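Survey of secondary and tertiary structure
Now for the letters of each chain:
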Amino acid sequence: EPEVTQTPSHQVTQMGQEVILRCVPISNHLYFYWYRQILGQKVEFLVSFYNNEISEKSEIFDDQFSVERPDGSNFTLKIRSTKLEDSAMYFCASSTTGLPGYTFGSGTRLTVV
Amino acid sequence: AQRVTQPEKLLSVFKGAPVELKCNYSYSGSPELFWYVQYSRQRLQLLLRHISRESIKGFTADLNKGETSFHLKKPFAQEEDSAMYYCALSRNNNDMRFGAGTRLTVKP
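For the structure given in this document, a descriptive report is provided here. (Residues numbered from 1 in each chain as written. Chains lettered and ligands numbered in written order. Predicted model: local features only at pLDDT ≥ 70, side-chain atom pairs only at ≥ 80, totals over all residues. Heavy atoms only, no water.)

At the junction of the two partners, chain A supplies 25 residues and chain B supplies 19 residues. In this assembly, chain A packs against chain B so that about 1900 Å² is buried in total across both faces, 48% of it on carbon and sulfur atoms. Joining chain A to chain B, the criterion identifies two salt bridges. Inspection of the region where chain A meets chain B yields six residue pairs in polar contact (both at pLDDT 80 or more). Those elements that place two or more of their residues in the side of chain A that touches chain B are β4 (31-37), β5 (43-50), β6 (53-57) and β9 (88-95) of chain A. If one sorts the elements of the side of chain A that touches chain B by residue count, β4(A) sits on top with four residues. Residue classes in the side of chain A that touches chain B are distributed as 11 nonpolar, 11 polar and three charged. (Contact = heavy atoms within 4.5 Å. Buried area = accessible area lost by both parts, 1.4 Å probe. Salt bridge = Lys/Arg side-chain N within 4 Å of Asp/Glu carboxyl O. Polar contact = N/O pair within 3.5 Å; in protein donor to acceptor, adjacent residues only side chain to side chain. Helix = DSSP H or I, 4+ residues; strand = E, 2+ residues; numbered from the N terminus. Nonpolar A, V, L, I, M, F, W, Y, C, P; charged D, E, K, R; others polar.)

Moving on, we come to the sheet that holds strand β8 (residues 75-79) of chain A. All names here are of chain A. With antiparallel pairing, the four strands of this open sheet are ordered in space as β1-β3-β8-β7. Edge positions in the sheet fall to β1 (5-7) and β7 (65-68), since each has one partner strand and no second. Within this sheet the neighbouring strands show an average axis-to-axis angle of 20°, counted without direction. Note: strand β3 (residues 19-24) against β8, five bridges, orientation antiparallel. Looking at the pairing, Ile 20 lines up with Lys 78 of β8. (Pairing = 2+ DSSP bridges. Axes fitted to C-alpha atoms, helices over the stretch in contact; angles between N-to-C directions.)

Take a look at the structure:
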């Protein structure tokens, strides 16, 4: 069964540093998403991406965040200057047109120290 | 605005007992509703979607538009059902809003 792949599984970074979280969505999927889950809290929508542009973003997704699909396979989330409160699990997801329900990756645990 | 409410953070039942995880939503349009499950240290997995009216691992969920609910039910809980369960609402394929989740513990 096809999977959404995320790397790394765990990343530790110093406050103020830039991080890039990487995702390889399922190959024939067209919609891409990032979600995050702060420890003990619910899964929160960050951003959706379609046709090489952001289609929707939440209030969490401020100027510190950006997404990119640099080539035909990767989908990245960049946090420009990390803060302690950015520590969370970040989930990538993808879906194909007309099929509701996402396929999630296994997540990247980001720890900002 | 769309909102998903899961009133119970924790739910504990004994093996073999029926289980119901509650989910209520608010949305002015026609929602698409889902249940996701997250086993310990694993990824979120789609469990059910209301449009397919399927039963997965013995779980079912019926959309009740009058009560704006989408409760997840299983007649006989198993220990391997212990996990976090998230109800989610999608208004299109652009974003999905999750409830806070319910941690189900099935005791032997």
